[in-house]
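Next come the chains, spelled out residue by residue.
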Amino acid sequence: MSDIPLPGSERPGTPPSARDLVAGMHRRSTEHLQSVLARVFPRADDWLFDLAKKDGVPDGSPYLFAMRALRTSRAPIERGFREHLDQGFAKLGRQAMPGGADGTPELTLLEESELEQQLATNLTAEAVTRIHGAQLDELSARLARMVGVAKLEADANPLSAHSLAAAISDAHRGVELPADVRMVLFKYYERELIHDLRDLLVDLNARLEAAGFRADVAAAKPAPRPAAAPAMPPPATADGYAPAASAYPNAGFAADPGAGAAEDRAVFDALRQLLHAWRPANQAQPQGGRQTGRGGQRPLQSAEMMSVLSLMQSQVPESVNEALERPEVSLAALLKNELLRGASQIGLPPEQVSISQDDEDAVDLVGMLFDVMFDERDFEQAARKMISRLVVPFVKAAVMDRRLFLYKTHPARRLLNSLAEAVEGNRGEGPQERELLQKAESTVDRLIAEFNEDLAIFETLEQELRQFLEQHRRRVELAERRAAEAQRGQERLEQARDLAKFELDQRTRGLDPTPAMRDFLERNWTHHLSMIALREGPDSGSWQSALTVADRLLALLPKPGDAAEQVAPALNAMREPIETVLASSGIIGEAAQDVMRGLADSLERRARGLAPVPAPAAAEAPAEDNVVPLPGRRSAVHEMLSDLKPRLEVVGGKASLDVSDSDVEQMRQLKVGTWIHIAGEDGKHHPVKLSWVSPISSRLMFTNRRGVRVLVASVEELAAMKQSGNLLVREQEQVFDQVLHRVMGKLREDLA
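As a convention, each chain's residues are numbered from 1 in the sequence order in which they are written. Totals for whole chains, interfaces and linings use every residue, but because this is a predicted model, local features are given only for residues with pLDDT of at least 70 and side-chain atom pairs only at 80 or more, for both listing and counting. Side-chain metrics rest on all non-hydrogen atoms present in the structure, leaving aside hydrogens and water.

**Some words on the overall build of the protein chain**
Comment: elements are numbered from the N terminus, with helices defined as DSSP H or I runs of at least four residues and strands as E runs of at least two. Of regular secondary structure, the protein chain possesses 24 helices and nine strands. Here's how the labels work: a residue is buried when its accessible area is under 20% of the maximum for its type, exposed when over 50%, partly exposed in between, all with a 1.4 Å probe on protein chains only. Out of the 752 residues in the protein chain, the part that is buried amounts to 48%. At a minimum sequence separation of 6, the contacts of the protein chain that also span at least 24 residues come to 74%. Accessible surface area values rest on a Shrake-Rupley calculation with a 1.4 Å probe, where residue burial reflects the displayed protein chains alone. When the accessible surface of the protein chain is split by element, carbon and sulfur atoms take 51% of a total near 36000 Å². We call two residues in contact when some of their heavy atoms are within 4.5 Å.

Now the structure itself:
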């Protein structure tokens, strides 16, 4: 390895050994970090191989293709990784040169494809900072002294959290790799880096200390928190890893949960305040009380709490079963009592222990969260039982990591969202739906079996389930596109039929066609005209030719004084165009001759003043393409044409619908992809998705979670459904966020 050019003797005040010191740090860091990267590839390879085996497709599994891509990309990624480190240390060397600062970096816009990679880099940097922040600050301060600056910026420090996180990102540049494999590498790199970084930082800090470069710790580190404040548990990494609960006793909600979004933090703080105000007046104390020191009781320590919860995890607790059967009872209250009774299983007298306020907050919030889910979400009975098995694992996760209620990206939170998506409204009506339910069930089974005190299992299971859901979504999207095409075809056919009927009405106004002629025009000619409108349009020559057929045929209606003998020759002159019209309806040969004879006979009888022969019974009109109804709902709008311009009419007339302009405008502003909830015969609100807006009629088509049409309606009808309580428009949030806001709303209602 070539030495990094660092001026030593050229710049007064720079120690003569700085050049060799930086070169040694460069070699040591590169060797250590490349060994970290070397462990990432086999772990990712094993992970993909396991998924390929579970996929059950010997040759065509996408995971096998991902494995091949990973293996062929290893060499260029390792080369790019080393180049990133070389450039970082070269930049550190230039920082020490007079006037050698690199200046302000140019701001550039990220491509959309790079945004997810940039986010992964930022999350990795945050995770590294949380775990190793003190040592990183110390190293940065020593390097700043070495190069002679007051503060070394992160992008000028090859060993800052940002630079270490960016190493794997920069290594991917120019390398073709599937996006999901790229993210897997980020996750494994983050875990390995956090696990192994401490030894490198200790070594480098020791080298700089020996060379005389001291760290101004007081300036480099933020002021410590007051000793009386409860300590925050060591935070999880971006992929959800958190240490064992015993590693952070006295963890509490009151601790600063980190740099979360201001809005999320405000919601969390408001939720806790409402909970603390609500609890004394609305909930009885759990057995043994709650406050520390009451009656000689002491709060359960973190390790004890984890032990009791772990014993409860394998089976659904009695409190959860009771809450499922009796919706009026509080799951949180029952669960806290069962927790205290469970203390006896680890040798603690229940009457001598209590639950700390922080842990009680966690239990209450999780209990209320699942109470709302059981009451308001569209879960079948089997799905309710499956979701109920998550209560204890989520209580454990909340006790271990308070950020479950703060960060929308928390892995446990994302897993619950994915599981709810998989089972909500899923009745297992088709093989794909049953397969999705089985995947959700196996995910819950693994969580129960494998979750000890490492939150990484939530991330692993969420990634696997999300990939499965993405495959399911692609199938649903295909079904939605087919439903949209079917609906579009149906509306085009309706439009063509209405236009043909309009043309017929215009031509027969004031006339009295014979029964045979009316039957021909209403059945065969309008069908022929509709097909021309669909295939060629009303501006085509075929359209004009078809109109001429009707005009010429109607002109044959006898007038007073016309001879009956003139009818047959005149009609025979139209044989070819009439047979063309009949052929479009499948009437040819002898059947066509029968129609011609019927037309001639009816015209001759009219000319002779004889009573007409009744026309044959009309065939049933073709059935409209069925729309699968949601229980209790059906489409109630039809498109009509007037003056060749489409307008919407609701069955019964718009005037009969008492709807507000604001509701109509709200329905009109719905975007494709928006989920709303409509009521069914079972009294529940079922989620449906706006999948398509008709460019013909402006009607909105909604599909269920299988991509099947369940409702086609105008904005006026939707507004009427909303006003009657049969339609709900909710914030477009994930299930966890929606339920958390409902918990807050219920707390406010109870306090009021």
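The discussion continues.
**Some details on the sheet that holds strand 9 (residues 727-728)**
Paired strands, as defined in this entry, are two strands with at least two bridges between them according to DSSP. Read across the sheet, five strands follow the order 8-7-6-5-9 without closing on themselves; strand pairing throughout is antiparallel. Each having just a single partner strand, strand 8 (709-713) and strand 9 make up the two edges of the open sheet. Across five bridges, the pairing between strand 5 (residues 675-679) and strand 6 (residues 685-693) is antiparallel. Paired with A679 across the strands is H685, a residue of strand 6. Fitted lines through C-alpha atoms serve as axes, helices being fitted only where they are in contact, and the angles separating the N-to-C directions of these axes extend from 0 to 180 degrees. Sheet strands in contact with helix 23 (residues 715-723) are strand 5, strand 7 (700-703), strand 8 and strand 9, and its direction is about 110 degrees off that of strand 8.

**Considerations on the packing of helix 8 (residues 302-313) against helix 13 (residues 391-400)**
In contact at an axis separation of 9 Å, helix 8 and helix 13 are set at 165 degrees when each is read in the N-to-C sense. Taken together, the axis directions place helix 8 and helix 13 in an arrangement best described as roughly antiparallel. Crossing hand, helix 8 versus helix 13: left-handed. On the side of helix 8, the interface is formed by M305, M306, L309, S310, M312 and Q313, while helix 13 contributes V392, P393, V395, K396, V399 and M400. Here the nonpolar group is Ala, Val, Leu, Ile, Met, Phe, Trp, Tyr, Cys and Pro; Asp, Glu, Lys and Arg are the charged ones; every other residue, Gly included, is treated as polar. Each residue belonging to the contact of helix 8 with helix 13 can be placed in one class, and the counts come to nine nonpolar, two polar and one charged. Orientation categories follow fixed angle ranges, with anything under 35 degrees roughly parallel, anything over 145 roughly antiparallel, 65 to 115 roughly perpendicular, and all other angles oblique. Note on convention: the crossing is left-handed when the near helix lies turned anticlockwise from the far helix by less than a right angle, right-handed when the turn is clockwise.

**Focus: unusual backbone geometry**
Located in the positive-phi region is S698, a residue other than glycine, with phi close to 65 degrees. Within the secondary structure layout, S698 lies in the loop between strand 6 and strand 7.

**Remarks on helix 23**
Counting buried positions over the nine residues of helix 23 gives seven, a clear majority of the element. For helix 23, the set of buried residues is V715, E716, E717, L718, A719, A720 and M721. Looking one or two residues past helix 23, G725 carries a phi angle of roughly 85 degrees, positive in sign.

**Some thoughts on the packing of aromatic side chains**
When the centres of two rings from Phe, Tyr and Trp lie within 6.5 Å, Trp using its six-membered ring, the rings pair. Their planes under 30 degrees apart give stacked, over 60 give edge-to-face, and anything left gives tilted. Per the stated rule, a full pass over the model turns up six aromatic pairs. Measuring from ring centre to ring centre gives 5.9 Å for F81 and Y189, while their planes differ by 80 degrees; the resulting arrangement is edge-to-face. Here F81, found in helix 2 (residues 62-95), pairs with Y189, found in helix 5 (residues 179-210); they are 108 residues apart in sequence, far enough to count as distant. Using a relative accessible area of 0% as the deciding quantity, one classes F81 as buried. Aromatic pair F405 and F736: ring centres 6.4 Å apart, planes at 45 degrees, arrangement tilted. With F405 in the loop between helix 13 and helix 14 (411-423) and F736 in helix 24 (residues 735-751), the pair connects residues that are 331 residues apart, well separated along the chain. Each of the two residues, F405 as well as F736, counts as buried.

**A look at the pairing of strand 7**
Here strand 7 shows a buried face lined by L700 and F702 and a second buried face lined by M701 and T703. The antiparallel hairpin formed by strand 6 and strand 7 contains six residues in its connecting segment, where S698 sits at a positive phi of about 65 degrees. For strand 7 and strand 8, the ladder comprises four bridges, and the chain directions are antiparallel. Its bridge partner being in strand 8, L700 is matched across the sheet by A713. Between strand 7 and strand 8, which pair antiparallel and follow one another directly, the connecting turn spans five residues, one of which, G707, has a positive phi of 85 degrees.

**Concerning the pattern of salt bridges**
The working definition used for a salt bridge is a side-chain nitrogen of Lys or Arg within 4 Å of a carboxyl oxygen of Asp or Glu. A complete count under the given rule lists 47 salt bridges for this structure. The network of salt bridges with shared partners includes R279, K336, E360, D361 and D364.

**Regarding the packing of helix 10 (residues 331-342) against helix 11 (residues 357-376)**
Running from N to C, helix 10 and helix 11 cross one another at 135 degrees; their axes reach a closest spacing of 8 Å. Here helix 10 lies oblique to helix 11, going by the angle between them. Of the two elements, helix 10 crosses helix 11, and the hand of that crossing is right-handed. On the side of helix 10, the interface is formed by L331, A332, L335, K336 and L339, while helix 11 contributes E360, V363, D364, G367, F370, D371 and F374.

**Let's talk about helix 10**
Since one α-helical turn is 3.6 residues long, residues separated by three or four positions face the same way. Compared with the 16 Å implied by 1.5 Å per residue over twelve residues, the 16 Å span of helix 10 between its first and last C-alpha is a close match. Across the twelve residues of helix 10, eleven count as buried, placing the element largely inside the fold. Within the sequence span of helix 10, burial applies to L331, A332, A333, L334, L335, K336, N337, E338, L339, L340 and G342. Any helix carries an expected span of 1.5 Å times its number of residues minus one.

**Topic: the side chain of D401**
Residue position: D401 is located in the loop between helix 13 and helix 14. Among the polar contacts listed, one links the side chain of D401 to the side chain of R403, at a separation of 2.9 Å. Whenever a nitrogen or oxygen atom comes within 3.5 Å of another N or O atom, the pair is scored as a polar contact, on the condition that within protein one atom can donate a hydrogen and the other can accept it, and that pairs from neighbouring residues in sequence are kept only if both atoms are in side chains.

**Details of the pairing of strand 6**
Burial analysis of strand 6 places seven of its nine residues in the buried class, which makes it a mostly covered element. In sequence, strand 5 turns back onto strand 6 through a hairpin of five residues, with G683 there showing a positive phi of about 85 degrees. Of the pairings in the sheet, the one linking strand 6 to strand 7 comprises four bridges and is antiparallel in character. Counted as the bridge partner of W692 is M701 from strand 7.

**Some details on the nonpolar core**
Within the largest apolar cluster, 78 residues are counted, with the highest numbers of intra-cluster contacts made by F370, L390, F394, F405 and F458. In terms of residue count, the dominant contributor to this core is helix 11 (ten residues). In terms of nonpolar packing, the next biggest core, distinct from the first, is built from 61 residues, L51, L92, L159 and F186 among them. What is meant by a nonpolar core is a set of buried Ala, Val, Leu, Ile, Met, Phe, Trp, Tyr and Cys residues, joined one to another through side-chain atoms within 4.5 Å.

**Some words on the environment of K336**
Mapped onto the elements, K336 comes out in helix 10. For the pair K336 and S354, spaced 18 residues apart in sequence, the C-alpha to C-alpha distance is 9.5 Å. In terms of polar contacts, K336 uses its side chain to reach the side chain of D364, at 2.8 Å.

**Description of the confidence of the model for the protein chain**
The share of residues in the protein chain with pLDDT of 70 or more is 79%, and the mean pLDDT across the chain is 77. Every residue gets a pLDDT, meaning the predictor's confidence in that residue, from 0 to 100. Within the model, pLDDT remains below 50 along residues 98-110, and this stretch shows ten contacts once partners closer than five positions in the same chain are excluded. Predicted confidence is poor over residues 217-260, with pLDDT under 50, and the contacts of this stretch with residues over four places away or in other chains come to 93 contacts.

**Focus on the environment of N726**
Relative to the helices and strands, N726 is located in the loop between helix 23 and strand 9. In the structure, N726 is positioned 40 residues away from H686 in sequence and 10.0 Å away in space, judged by C-alpha atoms.

**Observations concerning the environment of F49**
By the secondary structure assignment, F49 is in helix 1 (residues 18-55). Considered as a pair, F49 and Y63 are 14 residues apart in the sequence and their alpha carbons are 7.0 Å apart.

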